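Below are the chains, spelled out letter by letter.
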Amino acid sequence: MKRSDIRENVFKILFRAEFNSIEEMKEQTSFYFDNELSFDSEDIELVLISDKDKEYITNRANAIIDKLEEIDKEITAKATGWEPSRMGKVELAIIRLAVFEILFDEDTPNGVAINEAVELAKKYGQDESSAFVNGVLAKFAK
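Residues numbered from 1 in each chain as written. Predicted model: local features only at pLDDT ≥ 70, side-chain atom pairs only at ≥ 80, totals over all residues. Heavy atoms only, no water.

Undergrad: Summarise the packing of aromatic side chains; cite the residues concerned and give the values.
TA: Under the counting rule described, the total for this entry stands at six aromatic pairs. For the pair Y32 and F33, a centre-to-centre distance of 5.2 Å together with 70° between the ring planes defines the contact as edge-to-face. Residue Y32 shares its accessibility class with F33, and that shared class is buried. On the basis of an interplanar angle of 40° and a centroid distance of 5.5 Å, the ring pair of F100 and F104 is categorised as tilted. Here F100 pairs with F104, and both are found in helix α5 (residues 89-104), just four residues apart, close to one helical turn. Since its relative accessible area comes to 29%, F104 is described here as partly exposed. Here the aromatic cluster, defined as three or more aromatic residues joined through ring pairs, consists of F11, F15, F19 and Y124. We note K67 situated over the ring of F104; from NZ or CZ to the ring centre the distance is 4.5 Å. The aromatic ring of F19 is capped on one face by K89, whose charged end is 5.6 Å from the ring centroid. (Phe/Tyr/Trp six-rings, centres within 6.5 Å; stacked < 30°, edge-to-face > 60°. Buried < 20%, exposed > 50% of the residue type's maximum accessible area, 1.4 Å probe, protein only. Helix = DSSP H or I, 4+ residues; strand = E, 2+ residues; numbered from the N terminus. Lys NZ or Arg CZ within 6 Å of the ring centre and 35° of its normal.)

Structure below.
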């Protein structure tokens, strides 16, 4: 599975965290994998999520959830006038994923994290979402 597809699956699990308690996320992640079909974004063909990818996606989502408080403090500090609680749930999940990659993932260049976040916002957000996500994350790139 491509890194962008893995990132998209992590985003979908993080989005569920907006509607469920932390305690419920293990079960929600299990539900996600039981019910989610993944498609290769370029070829539009069904891609089965391997056990190895499921483990990676789950571990990545859990690592982000474990750091939500710290990530949200960073977002609040950088996104002047925008508390995480005021952000749309799609945009917030995308921003949290990208901020995690920028702050804690040495293997992902900041530009890649931001670009991938903007692409997710274009796909799952509203018309203005990609510009908003880009604007917030640009403050982390400096």
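There's more to say after this.
Undergrad: Break down the environment of I71 for me, citing the residues and quoting the values.
TA: Here I71 is to be found in helix α4 (residues 68-78). Among all residues touching I71, those that are not within four sequence positions of it are I64, R96, V99, F100 and F104. (Contact = heavy atoms within 4.5 Å.)

Undergrad: I'd like to hear about the nonpolar core, residue by residue, with values.
TA: Proteins that are soluble and globular tend to have nonpolar side chains buried together. With 39 residues, the main nonpolar core has V10, I64, I75, I94, I95 and L137 as its most contacted residues. Looking at this core, the elements with two or more residues in it are α1 (3-17), α2 (25-35), α3 (51-66), α4, α5, α6 (110-124) and α7 (129-141). Ranked by residues supplied to this core, first place goes to α5 with 10 residues. When near neighbours in sequence (up to four residues on either side) are disregarded, I75 contacts P84, M87, L92, I95, R96, V99 and F140. (Core = buried A, V, L, I, M, F, W, Y, C linked by side-chain atoms within 4.5 Å.)

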